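Now for the letters of each chain:
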Amino acid sequence: MPDQGGMRAVWDRLLQAAKETHEGNATLSAFCPFPDDVQPQDVVPYHIPGAQLMAVETGLHTDRYTELRDAFVTAGPLALWRETYKGTDIGQDFMDRFACYCLIGVGGAFTSQQMCAWVVYMPPELHYPWHHHPGEEMYLTLAGEAVFMVEGAEGVVLGPGDTSQHESNQPHAMTTHAHPVMAYVVWRNGFETPPVLTI
Ligand SMILES: [Fe+2]
């Protein structure tokens, strides 16, 4: 584990890579400009099984987001990984293999009043059931691929550079098959209310 200054350097490199990717994607920038009020905050690392799966994953292929993909992996050991669905009936396999940590927002290495940002990783052959939240959301697929499902539309396979937008409280789900997926996820509002499974 790097020292305090080393850890901050890891986070700063990740933030810079996220900013460059975010501002380089017109759809994402139109949905929510990258925030101009980002401030650092301390992180208390907390690890979950999926974090280790992402650390050793070899299938996260991408043609243009290698820097951000690798920066999310490098910061993984320093992150507070989330257990959003702990205590629900989502099942042990999901709890053991799904992985997500916050970059900007609660538990993240940075704060902003304008936007929250996370990384989501799913190994092959995993289903993230239907869920929803008040926050308006956009996924940018960085590496690998997954079937993204949004209520009211056909499921679509999205790969690097593709986005999926979720309106306030619009149920959405995703499934991986032969490949894993890594996505950069942002909310532009509704920060105080976490996701819940859609019954
Ligand atoms: Fe969501």
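Located above this text is the structure these notes cover.
Keep in mind the model is a prediction, meaning the values are calculated, not measured.

**As for the sheet that holds strand β8 (residues 156-158)**
For sheets, the rule is that strands pair by backbone hydrogen bonds, running either parallel or antiparallel.
And then number 1: In space, the 5 strands of this open sheet follow the order β8-β7-β10-β5-β12, with antiparallel pairing throughout. At either margin of the open sheet sits one strand with a lone partner, and together these are β8 and β12 (196-197).
And then number 2: As paired strands, strand β5 (residues 127-132) and β12 are joined by 2 bridges and run antiparallel to one another. Directly across from His-132, in β12, lies its bridge partner Val-196.

**So, the environment of Val-106**
And then number 1: Along the chain, Val-106 turns up in the loop between β2 (99-104) and β3 (110-111).
And then number 2: In this structure Val-106 comes out as partly exposed when scored by C-beta crowding, with 13 C-beta atoms within 10 Å.
And then number 3: In this structure the C-alpha to C-alpha distance between Val-106 and Val-186, which are 80 residues apart in sequence, comes to 13 Å.

**Details of the environment of Pro-160**
And then number 1: As for its placement among the helices and strands, Pro-160 is situated in the loop between β8 and β9 (163-166).
And then number 2: Accessibility expressed as a C-beta count within 10 Å gives 21 for Pro-160, which makes it buried.
And then number 3: With 96 residues separating them in the primary sequence, Pro-160 and Arg-64 have C-alpha atoms 7.6 Å apart.
And then number 4: Setting aside anything within four residues of it in sequence, one finds Pro-160 in contact with Thr-62, Asp-63, Arg-64, Tyr-65, Thr-141, Leu-142 and Ala-143.

**Brief notes about the nonpolar core**
And then number 1: Counting 52 residues, the largest nonpolar core has Leu-14, Leu-103, Ala-117, Val-119 and Met-182 as the members making the most contacts within it.
And then number 2: The set of elements that each furnish at least two residues to this core consists of α1 (4-23), α4 (66-75), β2, β4 (116-122), β6 (137-144), β7 (146-150) and β11 (181-187).
And then number 3: The greatest single-element share of this core, amounting to 7 residues, is contributed by β4.
And then number 4: Among all residues touching Ala-117, those that are not within four sequence positions of it are Ala-18, Leu-103, Ile-104, Gly-105, Tyr-184, Val-185 and Val-186.

Conventions and cut-offs
Residues numbered from 1 in each chain as written. Predicted model: local features only at pLDDT ≥ 70, side-chain atom pairs only at ≥ 80, totals over all residues. Pairing = 2+ DSSP bridges. Helix = DSSP H or I, 4+ residues; strand = E, 2+ residues; numbered from the N terminus. Buried ≥ 20, exposed ≤ 12 C-beta atoms within 10 Å, placed from the backbone. Contact = placed C-beta atoms within 7 Å. Core = buried A, V, L, I, M, F, W, Y, C linked by C-beta atoms within 7 Å.

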